[in-house]
Amino acid sequence: NELIGMTVTDLDKLDRVNVETLITIQVHQKDICDELVRRRVRDPGDFDWQKQARFYWRDEKDTCVISICDVDFDYNYEFLGCKERL
């Protein structure tokens with residue numbers, strides 16, 4: 001993976017944090033996908049799917065919407081969480 005290869009290069013502090021965060025998010029997403037497959041989740045109404053933060057682009061609003069369970073939030077480029085807790 002290109003991201004992993006970047007970790008052994010000479011990156012400045014901010015770039016290193018960004019690359020590490022992207023890797024952490026990607027690994028977390030893979031773990032979630034593996035769990036959904038293991039549980040045989042096939043219905044978009046299944047709670048195991050609904051409880052995940054899902055990001056959708058809404059053309060009619062020209063913005064990204066974050067959906068969790070039955071709540072939608074407009075994405076406003078806010079902090080996405082603490083990668084150390086994933």
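Calculation rules
Starting from 1, residues in each chain are numbered consecutively following that chain's sequence as written. Under the rules for a predicted model, residues below a pLDDT of 70 receive no local features and side-chain atom pairs below 80 are neither given nor counted, while totals for whole chains, interfaces and linings still include all residues. The side-chain values count all of the structure's non-hydrogen atoms but skip hydrogen atoms and water molecules. A run of H or I in DSSP becomes a helix once it reaches four residues, and a run of E becomes a strand once it reaches two; helices and strands are each numbered from the N terminus. Note on exposure labels: buried denotes an accessible area under 20% of the residue type's maximum, exposed denotes more than 50%, and partly exposed covers the range between, all computed with a 1.4 Å probe on protein chains only. A contact between two residues is defined here by any heavy atoms of the two lying within 4.5 Å. An expected span of 1.5 Å times one less than the residue number is assigned to each helix. As used in this structure description, the phrase polar contact means that two N or O atoms lie within 3.5 Å; if the pair is within protein, one of them must be able to donate a hydrogen and the other to accept it, and residues adjacent in sequence are counted only when both atoms belong to side chains. For this document, the term salt bridge refers to a Lys or Arg side-chain nitrogen within 4 Å of an Asp or Glu carboxyl oxygen. Each patch is built from residues that are more than 30% exposed by relative accessible area and take part in no salt bridge. Like charges join if they lie within 9 Å; nonpolar side chains (Val, Leu, Ile, Met, Phe, Trp, Tyr) join within 5 Å. We get accessible surface area from the Shrake-Rupley algorithm with a probe of 1.4 Å; when it comes to residues, only the shown protein chains can shield them.

## Brief notes about the side chain of Gln-52
Here Gln-52 is to be found in the loop between helix H3 (47-50) and strand S1 (54-58). Assessed through its relative accessible area of 16%, Gln-52 is described here as buried. Once residues lying within four places of it in the same chain are set aside, the contact partners of Gln-52 are Ile-32, Ser-67 and Ile-68.

## Considerations on helix H2 (residues 13-38)
An α-helical segment advances 3.6 residues per turn. Residues three or four places apart therefore align on the same side. Taking 1.5 Å of rise per residue, 26 residues should cover 38 Å, and H2 covers 37 Å from first to last C-alpha, within 8% of that figure. Lining the buried residues of H2 we find helix H1 (2-6) and H3. The residue sitting at the N-terminus of H2 and contributing the capping side-chain oxygen is Asp-12; that oxygen lies 3.2 Å from the backbone nitrogen of Leu-14.

## So, the pattern of salt bridges
Tallied over the entire structure, the rule returns 6 salt bridges. We note a salt bridge from Arg-39 to Asp-48, for which the minimum N-O separation is 3.2 Å. Given a relative accessible area of 44%, Arg-39 falls into the partly exposed group. Look at the salt bridges and you will find they share partners, linking Glu-35, Arg-38, Arg-39, Asp-48 and Lys-51 into a network.

## A word on a nonpolar patch on the surface
Together, Ile-68, Val-71 and Phe-73 line one region of the surface with nonpolar side chains, adding up to about 230 Å² of accessible area. Tracing the sequence through the fold places Ile-68 in strand S2 (residues 63-68).

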